[in-house]
Amino acid sequence: KIYTATILNNGQFALGTSRGGIVILDKYGKTQFILNKENGLINNNVLSLFNDKQGNLWAGTDNGISCIQLFYPFTYLYPDENMGGTAYSAIKKGRNFYFGTVNGLYKHTAEENGRLAKSKASLIPSTEGQVWQVQSFGNEIWVGHHLGAFVFNENEKPRHILKNTGAWLFKEIPGVKDKLLCGSYNGIYLLENKNNTWNPLGKLSRFDESARIIIPESNHSFWIAHPYRGIFNLRLDESDFFSSSVTYLNTKQKLPSNNGNSVYSIYNQAVFTTENGIYKYDPIQRSFFPYTLLNQVFGTSTKVKTLVEGFDGDIWFAQGDEVGYLVRSRERSDSMVFKKKMIPFLKNKLVGGFEFIYPYQKDKVLFGTDKGFLFYDMKIQNQYPENILLRHFSFDKNLNAATFEYVLPYLSQSLNIQYAIKLEGFDKAWRPWTKDNKMTYSNLPPASYRFLVKARIEGIKSWKPLSFSF
């Protein structure tokens with residue numbers, strides 16, 4: 001039974017039902033998706049609906065109020081449903097997504113329009129447990145798992161090929177077919193495909209450390225980073241991979257510390273993040289040196305935790321507890337210039353130490369959080385509120401005290417909004433930015449005053465001051 005209905009800002013319809021939650025229809029009457037208790041609605045008995053200026057749909061239900069941000073660039077997906085496990089890795093292959101979580105590997109097929117309208121995904125058999133990495137080479141999907149390495153073709157059952165240790169990730173060897181390197185808990189294993197069947201050939205000698213971070217430098221050279229050991233360089237011997245050499249690099253080669261180092265590939269170059277800035281390696285001098293270009297953007301006081309190359313030369317990053325991306329300037333052809341853009345919504349949301357950022361299309365990015373995956377559609381623009389509102393003003397005649405309550409009505413960013421205030425006739429300058437939205441001035445002498453409050457979301461947008469005279 002339909003209790004209520006409303007027209008949405010984009011011309012679609014929302015129907016509130018007595019038992020089935022909210023049904024969203026397009027303008028032709030085709031069901032787009034259904035919102036209910038399974039995917040976040042507080043109650044399935046919807047009594048009233050209201051569509052606000054920012055595109056949010058408010059639902060009055062039998063058990064409280066739900067606010068649905070229908071036209072918001074971020075969408076959560078929990079492939080393991082109610083478990084809501086930590087999300088570590090994902091890939092998109094055709095219309096299929098494969099999600100690696102703490103509870104196993106899940107498959108989700110997108111609709112023809114590319115949307116993942118349903119929240120339910122299916123568990124891939126035999127992959128229950130901790131999945132660290134899911135990757136794709138050719139037609140095959142590789143899974144780095146706490147129980148070892150798995151490989152399978154789509155619609156086939158995974159085969160468990162490395163069983164004696166946990167597997168982190170896999171790397172192709174440029175110019176070498178039918179062989180892969182597998183970074184494991186206790187070293188690097190060589191895998192071989194013979195007669196269309198993959199098997200481990202053994203572990204490379206001279207390296208017994210955990211190999212969770214591996215970046216290729218050239219055809220037969222790889223960088224390995226260990227958070228508590230330093231940096232290693234692996235050089236494969238073309239005639240005998242098992243006789244490969246490993247060089248240990250640390251503070252003697254001008255790394256600022258042996259701890260907290262990692263390595264990433266940006267523009268086909270190895271880039272090293274440390275506790276004191278970003279470095280590159282000079283093979284002639286055999287030492288590391290500060291990477292001035294990126295240090296000018298990031299500084300050296302807060303550690304950069306991950307770097308991922310996106311489309312059009314953009315670089316996604318996590319630094320400290322913040323997430324954002326660098327836009328490569330189109331104006332300078334002779335050199336690289338970056339503009340830093342922050343995404344406040346993602347602050348403190350990525351998994352510490354396992355930050356996962358996956359730009360899978362030009363305007364779509366997937367993030368791993370401690371409770372499922374987060375999709376970001378960059379084409380959906382935020383509907384910003386127009387003005388700051390003065391919610392309340394009161395004056396205590398006994399104390400000559402004026403109290404102000406003010407707010408920028410922006411629900412999705414309420415935790416990131418900062419305010420600065422100034423009482424003309426009393427304050428000599430603007431007070432520092434703070435998240436507080438209430439202020440009391442006491443013992444005011446008789447005079448005419450003007451209260452000013454401005455708002456901002458740091459690095460994103462600022463609003464002109466609200467003025468109130470008394």
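Residues numbered from 1 in each chain as written. Predicted model: local features only at pLDDT ≥ 70, side-chain atom pairs only at ≥ 80, totals over all residues. Heavy atoms only, no water.

(A) How the structure looks around the overall build of the protein. The helix and strand tally for the protein stands at one helix and 41 strands. C-alpha extents for the protein along the principal axes are approximately 90 × 60 × 40 Å. Looking at the protein as a whole, 49% of its 470 residues qualify as buried. For the protein, contacts bridging at least 24 residues in sequence account for 44% of all contacts bridging at least 6. Counting every atom, the protein has about 24,100 Å² of accessible surface; 46% of that belongs to carbon and sulfur. (Helix = DSSP H or I, 4+ residues; strand = E, 2+ residues; numbered from the N terminus. Buried < 20%, exposed > 50% of the residue type's maximum accessible area, 1.4 Å probe, protein only. Contact = heavy atoms within 4.5 Å. Areas by Shrake-Rupley, 256 points an atom, 1.4 Å probe, with all protein chains shown as cover.)

(B) Inspection of the nonpolar core at higher detail. Grouped together as the largest cluster of nonpolar side chains are 24 residues, with contacts concentrated most on Tyr 98, Phe 99, Leu 105, Phe 152, Leu 366, Phe 373 and Phe 375. Among the secondary structure elements, those contributing two or more residues to this core are strand E9 (87-93), strand E10 (96-101), strand E11 (104-109), strand E13 (131-137), strand E14 (140-145), strand E15 (148-153), strand E33 (357-361) and strand E35 (372-377). Excluding anything up to four places from it in sequence, Leu 105 contacts Tyr 98, Phe 99, Gly 100, Ser 122, Leu 123, Ile 124, Thr 127, Val 131, Val 134, Val 143 and Phe 152. In terms of nonpolar packing, the next biggest core, distinct from the first, is built from 21 residues, Tyr 406, Leu 423, Leu 444 and Ala 455 among them. (Core = buried A, V, L, I, M, F, W, Y, C linked by side-chain atoms within 4.5 Å.)

(C) Representation of the pairing of E10 in the model. Most of E10 is tucked away, with six of its six residues classed as buried. Of the two faces of E10, both are covered, the one formed by Asn 96, Tyr 98 and Gly 100 as well as the one formed by Phe 97, Phe 99 and Thr 101. Sheet analysis places E9 next to E10, joined by six bridges and oriented antiparallel. Paired with Ser 89 across the bridge in E10 is Gly 100. Count of turn residues in the E9/E10 antiparallel hairpin: two residues, of which Gly 94 carries a positive phi of about 65°. Where E10 folds back onto E11 in an antiparallel hairpin, the turn is made up of two residues. (Pairing = 2+ DSSP bridges.)

(D) Examining the sheet that holds strand E36 (residues 389-396) more closely. Strand order across the open sheet formed by three strands is E36-E37-E39, with antiparallel pairing between neighbours. Looking at which strands have only one partner, the edges of the open sheet turn out to be E36 and strand E39 (438-441). Strand-to-strand twist of the sheet, defined as the mean angle between neighbouring strand axes without regard to direction, takes the value 15°. Alignment of strand E37 (residues 401-407) against E39, held across four bridges, turns out to be antiparallel. Bridging across to E39, Ala 402 finds its partner in Tyr 441. (Axes fitted to C-alpha atoms, helices over the stretch in contact; angles between N-to-C directions.)

(E) Spotlight on the sheet that holds strand E21 (residues 213-218). The strand order E21-E22-E23-E24 describes an open sheet built from four strands, whose pairing is antiparallel. One side of each edge strand has no neighbouring strand; the edge strands of this open sheet are E21 and strand E24 (245-249). When strand polarity is set aside, the average angle formed by the axes of neighbouring strands in this sheet is 25°. With six bridges joining them, strand E22 (residues 221-226) and strand E23 (residues 230-235) adopt antiparallel strand pairing. Following the sheet pairing, Ile 224 is matched in E23 by Phe 232.

(F) Layout of the packing of aromatic side chains. Applying the stated criterion across every chain yields a total of 48 aromatic pairs. Arranged with centres 5.7 Å apart and planes meeting at 80°, the rings of Phe 97 and Phe 375 form a pair that is edge-to-face. Here the residue Phe 97 occupies a position in strand E10, and Phe 375 occupies one in strand E35, the gap between them amounting to 278 residues. You can call Phe 97 buried: its relative accessible area is 1%. Connected via pairs of aromatic rings, a cluster forms that spans Phe 393, Phe 404, Tyr 406, Tyr 419, Phe 426, Tyr 441, Tyr 449, Phe 451, Phe 468 and Phe 470. Sitting over the face of the ring of Trp 168, Arg 212 holds its NZ or CZ atom 5.7 Å from the ring centroid. (Phe/Tyr/Trp six-rings, centres within 6.5 Å; stacked < 30°, edge-to-face > 60°. Lys NZ or Arg CZ within 6 Å of the ring centre and 35° of its normal.)

(G) Fine view of the side chain of Thr 403. For Thr 403, the position within the fold is in strand E37. One polar contact links Thr 403 to Thr 440, side chain to side chain, over a distance of 2.9 Å. Apart from residues lying up to four places away in sequence, Thr 403 is in contact with His 392, Phe 393, Ser 394, Lys 438, Met 439 and Thr 440. (Polar contact = N/O pair within 3.5 Å; in protein donor to acceptor, adjacent residues only side chain to side chain.)

(H) View of the pattern of salt bridges. Counted according to the given criterion, the structure contains seven salt bridges. Its salt-bridge partner being Arg 450, residue Glu 424 comes within 3.0 Å of it at the nearest N-O pair. Placement of Glu 424 in strand E38 (residues 417-424) and of Arg 450 in strand E40 (residues 450-457) is noted, with a sequence separation of 26 residues between them. Classification of Arg 450 by relative accessible area gives partly exposed; the value is 33%. (Salt bridge = Lys/Arg side-chain N within 4 Å of Asp/Glu carboxyl O.)

(I) The environment of Leu 408, seen in detail. Here Leu 408 lies in the loop between E37 and E38. For Leu 408, a relative accessible area of 2% translates into the label buried. The spatial distance from the C-alpha of Leu 408 to the C-alpha of Leu 390 is 8.9 Å, given a sequence separation of 18 residues. Excluding its chain neighbours within four sequence positions, the residues that come into contact with Leu 408 are Pro 385, Asn 387, Ile 388, Ile 417, Tyr 419, Ala 455 and Trp 463.

(J) Local environment of the environment of Phe 207. If you trace the backbone, Phe 207 turns up in the loop between strand E20 (197-203) and E21. For Phe 207, a relative accessible area of 4% corresponds to the buried category.

(K) Here's a closer look at the environment of Asn 10. Structurally, Asn 10 can be placed in the loop between strand E1 (2-7) and strand E2 (13-17). Here the alpha-carbon distance between Asn 10 and Asp 26, two residues 16 residues apart in the chain, equals 9.1 Å. Only 3.1 Å separates the side chain of Asn 10 from the backbone nitrogen of Gln 12, close enough to count as a polar contact.

(L) Focus on the pairing of E2. Burial runs high along E2: four of the five residues are buried. Sheet topology note: the E1/E2 ladder contains five bridges and is antiparallel. By the bridge assignment for E2, Thr 4 is matched with Gly 16. Linking E1 to E2, which pair antiparallel, is a turn of five residues; within it Gly 11 sits at a positive phi near 90°. The hairpin formed by E2 and strand E3 (residues 22-25) contains four residues between the paired strands, and Gly 21 there has a positive phi angle of roughly 80°.

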